[in-house]
Amino acid sequence: MTKIRVKPQAQAFDGGSFQQDGMIYIIADVVGPDPKRICHADDGSIRACGSQSRAFLKSLINRRYLECRAWPIALQTVMIDCRIGQYRVAETLVASGYVRAARDAGLIAVEQDAKRRRAGLWADAGCRLTERC
């Protein structure tokens, strides 16, 4: 296990990746939306859900120690599967509705619950209809 302390100046790219100290970290098994994504809720309200996704990731990991399995995928880029205490970061992100599950069966079930609750991105009828955002 690798421990990563996320510094306040870490930059989140989207809801599933961030940069710190010249390294890019991509959270395994999740797909973040385009940071410029706009969502339209059933009640007609409009939200900047792409930037909300990025902000949620930042608030979740900021100034915390992540215990991660990490594997390099490119120069200065690593894929990580992390926990904060007993909570898996990817599961928390998917449950928020601000990222999609990529392939993990357990996360797909969590994503289905987020869709049912219309959490995060899933408040957008277009996202629910197409099953993606």
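Here the residue index of a chain counts from 1 through its sequence in written order. Local features in this predicted model are restricted to residues of pLDDT 70 or higher, and side-chain atom pairs are both shown and tallied only at a pLDDT of 80 or more, whereas totals for entire chains, interfaces and linings draw on every residue. Only hydrogens and water are set aside; all other atoms, that is, all heavy atoms of the structure, feed into the side-chain values.

**Digging into the pairing of strand 4 (residues 23–27)**
Strands are treated as partners if at least two bridges between them are detected by DSSP. Strands are runs of DSSP state E lasting at least 2 residues, helices are runs of H or I lasting at least 4, and numbering of each runs from the N terminus. Pairing of strand 3 (residues 17–20) with strand 4, which is carried by 4 bridges, proceeds in the antiparallel orientation. For Ser17, the partnering residue across the bridge sits in strand 4 and is Ile26. Taking the residues that link successive antiparallel strands as the turn, the strand 3-strand 4 hairpin has 2 residues, and the phi of Asp21 there is positive, at about 50°. In this sheet, strand 9 (residues 77–84) lies alongside strand 4 in parallel orientation, the contact comprising 4 bridges. Residue pairing in the sheet places Ile26 in a bridge with Met79 of strand 9.

**Topic: the state of the cysteines**
Disulfide assignment relies on a single distance test, namely cysteine sulfur atoms paired within 2.5 Å. Enumeration over the complete set of coordinates arrives at 2 disulfides. Here Cys39 pairs with Cys49 through a disulfide, and the sulfurs are 1.9 Å apart. As the torsion about the S-S bond is roughly 70°, the Cys39-Cys49 disulfide counts as right-handed. Here Cys39, found in strand 6 (residues 39–40), pairs with Cys49, found in helix 1 (residues 49–61); they are 10 residues apart in sequence, far enough to count as distant. Each member of the pair, Cys39 as well as Cys49, carries the same accessibility label: buried. For Cys68, the disulfide goes to Cys82, at an S-S distance of 2.0 Å. With a 1.4 Å probe rolled over the protein chains alone, any residue whose accessible area is under 20% of its type maximum counts as buried; one over 50% counts as exposed, and the rest are partly exposed.

**Comments concerning helix 2 (residues 89–96)**
All of the buried residues in helix 2 are Val89, Ala90, Leu93, Val94 and Ser96. Taken down its axis, helix 2 places every buried residue within 160° of arc, on the same side. Following helix 2 by one or two positions, Gly97 adopts a phi angle in the positive range, close to 85°. For this quantity, the arc is that covered by the directions from the helix axis to the C-beta atoms.

**What about the environment of Glu67?**
Mapped onto the secondary structure, Glu67 falls in strand 8 (residues 65–74). On a C-alpha basis, the gap between Glu67 and Arg88 in space is 9.4 Å, while along the polypeptide they are 21 residues apart. Any two residues whose heavy atoms approach within 4.5 Å are treated as being in contact. Not counting chain neighbours up to four residues away, the residues in contact with Glu67 comprise Met1, Thr2, Lys3, Asp81, Cys82 and Arg83.

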